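A closer look at the structure
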Amino acid sequence: LEKILLIVIMIVSVGSAASMVQGVVTSVIKRELWTEDIDKMRIQRMSGHVIVMGYSQIGRYVAQRLIEMNYKFCVVTRVKENVKELQELNIPFILSDLKSPVEVLTMAKVSDATAIVLALENDDTNMLYALTAKFMKKDIRIIAINNDYKLLDGMKKAGVDVVLPIYFMVGRVAAYSVASEHVLGAIQGGDSNISGRHIVQIDVNKGSELDGASLKDIPVDVLMIIRNGELMKYNTPDTRVMHDDKLICLTDHDSIKKLKDMNEHL
């Protein structure tokens, strides 16, 4: 009788434990679905917002900058592991496998959005969403990350307003860093006179050819001079630079080496 009673207790205990586990799992799932529904409702009340497609690597940094700039935006991600972080940051999000662009963009309320940032790792998916977004709202501004430089022209033809060939730009900045310690940025696109140029900072060395040179004798466009921590205004071609000045320059490939040579100690 004791053995039978023990067996019955064990069966009941296992059944109760299984029920408890099932209940917890069900509650968690319902909570996740409930929070996702809340975010979807928040997005449906948005207007004049930005849609960020992708929340890994670049997409995450885009979101951080938009928060700092106080922009309204939502994030679309297919990575479930991103959900917890998005919830903690109180960022409205849509979790989707991205297989249906029309459905996803409708949920993201593309009809009332001002811009969409395509930061997905796959350029084909970025182009598909660019075409769909333009079809659903012709005047929406589209910014896309280009991972494969061979597809750059295809993205432009897909209606993307700003294409950022990220690896191409990073490669150029890295190469220019050989000649200058401070490469501040690369210009891609825009007017042909400035496309392909870089913005660099040159710290003028004492006793170099730059020390005491006038702006008209420097082979690059000096955008500004920082002297003693202050920005100098109203510079003219005859303005002379001094050692320890910081020159913010717009330069091309040929001129950066000349500038570096001029800044060598004599």
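Everything numeric in this text was worked out from a predicted model, so none of it was measured. (Residues numbered from 1 in each chain as written. Predicted model: local features only at pLDDT ≥ 70, side-chain atom pairs only at ≥ 80, totals over all residues. Heavy atoms only, no water.)

On a plain count of helices and strands, the protein comes out with eight helices and 11 strands. Counting every position in the protein, which comprises 266 residues, the buried fraction comes to 37%. Counted over contacts in the protein with a minimum sequence separation of 6, partners at least 24 positions apart contribute 57%. As displayed, the protein offers around 16100 Å² of accessible surface, 58% of which is attributable to carbon and sulfur atoms. (Helix = DSSP H or I, 4+ residues; strand = E, 2+ residues; numbered from the N terminus. Buried < 20%, exposed > 50% of the residue type's maximum accessible area, 1.4 Å probe, protein only. Contact = heavy atoms within 4.5 Å. Areas by Shrake-Rupley, 256 points an atom, 1.4 Å probe, with all protein chains shown as cover.)

Turning next to the nonpolar core. In terms of nonpolar packing, the biggest core is built from 28 residues, with I51, M53, I116, L118 and I142 touching the most fellow members. Those elements that place two or more of their residues in this core are β1 (50-53), β2 (73-77), α4 (101-107), β4 (115-118), α5 (123-136), β5 (141-146) and α6 (152-157). Per element, the largest residue contribution to this core is four residues, and it comes from α5. Excluding anything up to four places from it in sequence, L118 contacts M53, N126, Y129, A130, I142, I143, A144 and I145. (Core = buried A, V, L, I, M, F, W, Y, C linked by side-chain atoms within 4.5 Å.)

So, about the sheet that holds β4. With respect to topology, six strands assemble into an open sheet ordered β3-β2-β1-β4-β5-β6, the strand pairing being parallel. The open sheet terminates on both sides in strands that have one partner only, identified here as β3 (93-95) and β6 (162-165). Sheet twist, expressed as the mean angle between neighbouring strand axes with direction ignored, is 15 degrees. Bridging between β1 and β4 involves four bridges; their strand directions are parallel. (Pairing = 2+ DSSP bridges. Axes fitted to C-alpha atoms, helices over the stretch in contact; angles between N-to-C directions.)

Quick look at the side chain of D123 now. Considering the arrangement of structural elements, one finds D123 in helix α5. Reaching out from D123, the side chain makes a polar contact with the side chain of N146 at a distance of 3.2 Å. With residues up to four places along the chain from it excluded, the contact list for D123 reads I145, N146, N147, D148, L151 and M155. (Polar contact = N/O pair within 3.5 Å; in protein donor to acceptor, adjacent residues only side chain to side chain.)

The next subject is the layout of surface pockets. Put simply, the second largest pocket is a space of about 150 Å³. What lines the second largest pocket is simply R42, M46, I67, Y71, K72, F73, L89, N90, I91 and P92. A per-class count over the lining of the second largest pocket returns seven nonpolar, one polar and two charged. (1 Å grid on protein atoms, 1.4 Å probe; cavity = no way out; pocket = protein on both sides within 12 Å on 5 of 7 lines; lining within 4 Å. Points joined across faces, edges and corners; volume = space filled by probe spheres on them. Nonpolar A, V, L, I, M, F, W, Y, C, P; charged D, E, K, R; others polar.)

For the structure on display, the rule yields eight salt bridges. For E68, the salt bridge is made with R65, and the minimal N-O distance between the two is 2.9 Å. On the criterion of helical spacing, the pair formed by E68 and R65 is a turn pair, its members being three residues apart in helix α2 (residues 58-68). A relative accessible area of 59% places E68 in the exposed class. A residue is classified by how much of its surface remains accessible, and R65, at 38% relative accessible area, is partly exposed. (Salt bridge = Lys/Arg side-chain N within 4 Å of Asp/Glu carboxyl O.)

As a further point, take the pairing of strand β9 (residues 221-227). Across five bridges, β9 lies against strand β11 (residues 246-251) in antiparallel orientation. What sits directly across from I225, in β11, is L247. Pairing geometry for β9 and strand β10 (residues 230-232), over three bridges, is antiparallel. If you follow I225 over to β10, its bridge partner there is M232. In this antiparallel pair of consecutive strands, β9 and β10, the connection spans two residues, and N228 shows a positive phi of 55 degrees.

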